[in-house]
Each structure stands twice: as C-alpha cells, then as structure tokens.
Amino acid sequence: MKFLMSLLALPMFFLPLTLDAQNRQPVKPAAVRHVIIEKKLDTIVFPKIAVNDLAFELCVTEISRYSSRFDPSGTGVKVVFLREKHPAHYQKYMRLEKLPPIRLNMKNVTLRQVLDELKKQSGCDYEVKKDHVEFIHKYVSKGVQK
C-alpha cells in the first residue's frame, strides 16, 4: 500500500504530455513550435512556383496549401492574411491601400524566399508566430485635408 501511495506522489513531470484532441499527438510547448516553424521556412523547397496576376489573399492561401505538399513531414506551414483592425473613427483618417496582383515565377526556392517576395510585391509585413505565419495589411494615413 505504501508503494502505491508513493507512486501517487511522483512529481508532475512523470505524467504524460497533454494530447492534441484531433491528432492524439503530444502538444509541444509554444517556444518549440516557433523554432519548428522557423526551420520549416528554410527546409520546405518548392521546385517551381508560377503565379500570374493572382489576388494577394488567394496567393497566400495557395502558398499555405502548397507548403504542406512539399514539407518532408507533410504538415506544412499555415500562412494567413489579416487586416489591421481599428475603431470606426479611424476610417476618417486612415485607409487600407489596395494590394497589387501577385506575379511569381520562381524555381527551387524555399518557403522563406517566397514569403520575402510576397512581402516585397505587396508591401505587407509578415510575422512568424508560434504555429503559423501571418501577413498583416496595415492602415496608412489618408492625409488630412483642410
């Protein structure tokens, strides 16, 4: 009986990791996931990407889908597009610029190189988060008229 009681008093680190509800896989800490995403940006290599005059939002969605196809682990990297949010009264002074259509014609490039090219063409910054990459479309000043 004492032996069983001592087993119950084991430290918490002997308990199994938290499991992801969908995949039944151990959930990794956020810092570890961030490092994995950073590595995937350089290990996922696209043999060829050819896009002509595609809307930026659609291009980001396709790149995200394409990344899982060429990821050695098969999971890919989720890439999302967000618009910066502001209160309604900001609309008087701020506006979202229209994003130009995207044109890509690249061979043997990493996911990071594709994201950098999207950043260059659209003017949107991207951030690597703990489990995804997000492009942010920011407001610019309209210029106050008198």
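This one's a predicted model, so the numbers in the text were calculated from it and none came from an experiment. (Residues numbered from 1 in each chain as written. Predicted model: local features only at pLDDT ≥ 70, side-chain atom pairs only at ≥ 80, totals over all residues. Heavy atoms only, no water.)

J.: Which parts of the structure should I look at to understand the overall build of the protein chain?
T.: Across its full length, the protein chain carries 4 helices and 7 strands. In the protein chain, the succession of helices and strands from N to C terminus is α-α-β-α-β-β-β-α-β-β-β. Here the protein chain holds 146 residues, and 27% of them are scored as buried. Long-range pairs, those at least 24 residues apart, make up 66% of the contacts in the protein chain between residues at least 6 apart in sequence. Carbon and sulfur atoms form 57% of the exposed surface of the protein chain, whose accessible area is close to 10600 Å². (Helix = DSSP H or I, 4+ residues; strand = E, 2+ residues; numbered from the N terminus. Buried < 20%, exposed > 50% of the residue type's maximum accessible area, 1.4 Å probe, protein only. Contact = heavy atoms within 4.5 Å. Areas by Shrake-Rupley, 256 points an atom, 1.4 Å probe, with all protein chains shown as cover.)

J.: I tried to follow unusual backbone geometry on my own but got confused; where do I start?
T.: Note on backbone geometry: most residues besides glycine have negative phi, and most peptide bonds are trans. We note that Asp53 has phi near 50 degrees; this positive angle belongs to a residue other than glycine. Relative to the helices and strands, Asp53 is located in strand E1 (residues 45-54). Although it is not a glycine, Asn108 adopts a positive phi angle of roughly 50 degrees. Position of Asn108 among the secondary structure elements: in strand E4 (residues 102-110).

J.: For this particular structure, what's the right way to read the environment of Phe81?
T.: Relative to the assigned elements, Phe81 resides in strand E2 (residues 79-83). Once you skip the residues sitting within four places of it in the chain, Phe81 turns out to touch Phe56, Glu57, Val60, Leu99, Cys124, Phe135 and His137.

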